[in-house]
Amino acid sequence: MCTHYTQIVWATTNKIGCAVNTCRKMTVWGEVWENAVYFVCNYSPKGNWIGEAPYKNGRPCSECPPSYGGGCRNNLCYREETYTPKPETDEMNEVETAPIPEENHVWLQPRVMRPTKPKKTSAVNYMTQVVRCDTKMKDRCKGSTCNRYQCPAGCLNHKAKIFGTLFYESSSSICRAAIHYGILDDKGGLVDITRNGKVPFFVKSERHGV
């Protein structure tokens, strides 16, 4: 992430353009993500040159380009961008007239209205990571941030182990822990994981068939 920061604060960069798209399935670091949000930004003029610092240490706005006219705002070089509309001309206001079609008499057959099936309402899209019944928390929930996971159907009778009740040890199966907690059933579905810090012990129990 450091390279993103240095590009944003790069002294000579003054323009940015970004776009975002939701991908139904996307491979991220070897893992398949569903409904992944793909966000891309381009900078101009580009920076992040190897061996160069993003800016010089010194008094803010002390080396702004002459074209900025000495403008400084929030300790950054600033130039007022003004838009001057072009004066209207006859060419700009010219309206093309559509050609008059020839009059043709065409007999139209009555249209038969067939019953249509009601459209299915699409479910809300969530950015998820697809996992298996035996996927462990420690294999996916790394660092301080965990994600939303898509569990398959049929995990109720799987042999993957879980350790704990309400709070689960990191070597537990994500999907079977969700069934044990009562969030999911054997049909699978979405589950969110949140770190809760260290727990002195884990309670053994049988819940919801797990």
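Taking an unreviewed UniProt entry as the reference, the chain is identified by name as CRISPLD2 isoform 7 belonging to Pongo abelii. What UniProt states about the chain under its Subcellular location (unreviewed entry) heading is, verbatim, "Secreted".

Student: Describe in detail the pattern of salt bridges, supporting the description with residues and values.
Tutor: Tallying each qualifying case throughout the model produces 3 salt bridges. With a closest N to O distance of 3.7 Å, Glu63 and Lys56 form a salt bridge. Glu63 sits in the exposed class, given a relative accessible area of 61%. The exposed category is assigned to Lys56, whose relative accessible area is 66%. A salt bridge links Arg148 to Asp192, with the shortest nitrogen-to-oxygen separation between them at 2.6 Å. Here the residue Arg148 occupies a position in strand β6 (residues 148–151), and Asp192 occupies one in strand β9 (residues 189–192), the gap between them amounting to 44 residues. Look at Arg148 and you get partly exposed, because its relative accessible area is 24%. Asp192 sits in the partly exposed class, given a relative accessible area of 44%.

Student: How would you summarise the sheet that holds strand β2 (residues 31–44) if you had to cite specific residues and measurements?
Tutor: Spatially, the 5 strands line up as an open sheet ordered β1-β2-β5-β6-β9, and their pairing is mixed. The sheet is open, and its two borders are formed by β1 (15–28) and β9, each paired with just one other strand. Taking the axes of each pair of neighbouring strands and ignoring which way they run, one obtains an average angle of 35° across the sheet. Across 13 bridges, the pairing between β1 and β2 is antiparallel. By the bridge assignment, Cys23 is partnered in β2 with Ala36.

Criteria and thresholds
Residues numbered from 1 in each chain as written. Predicted model: local features only at pLDDT ≥ 70, side-chain atom pairs only at ≥ 80, totals over all residues. Heavy atoms only, no water. UniProt positions renumbered as here; feature names shortened; annotations may be inferred. Salt bridge = Lys/Arg side-chain N within 4 Å of Asp/Glu carboxyl O. Buried < 20%, exposed > 50% of the residue type's maximum accessible area, 1.4 Å probe, protein only. Helix = DSSP H or I, 4+ residues; strand = E, 2+ residues; numbered from the N terminus. Pairing = 2+ DSSP bridges. Axes fitted to C-alpha atoms, helices over the stretch in contact; angles between N-to-C directions.

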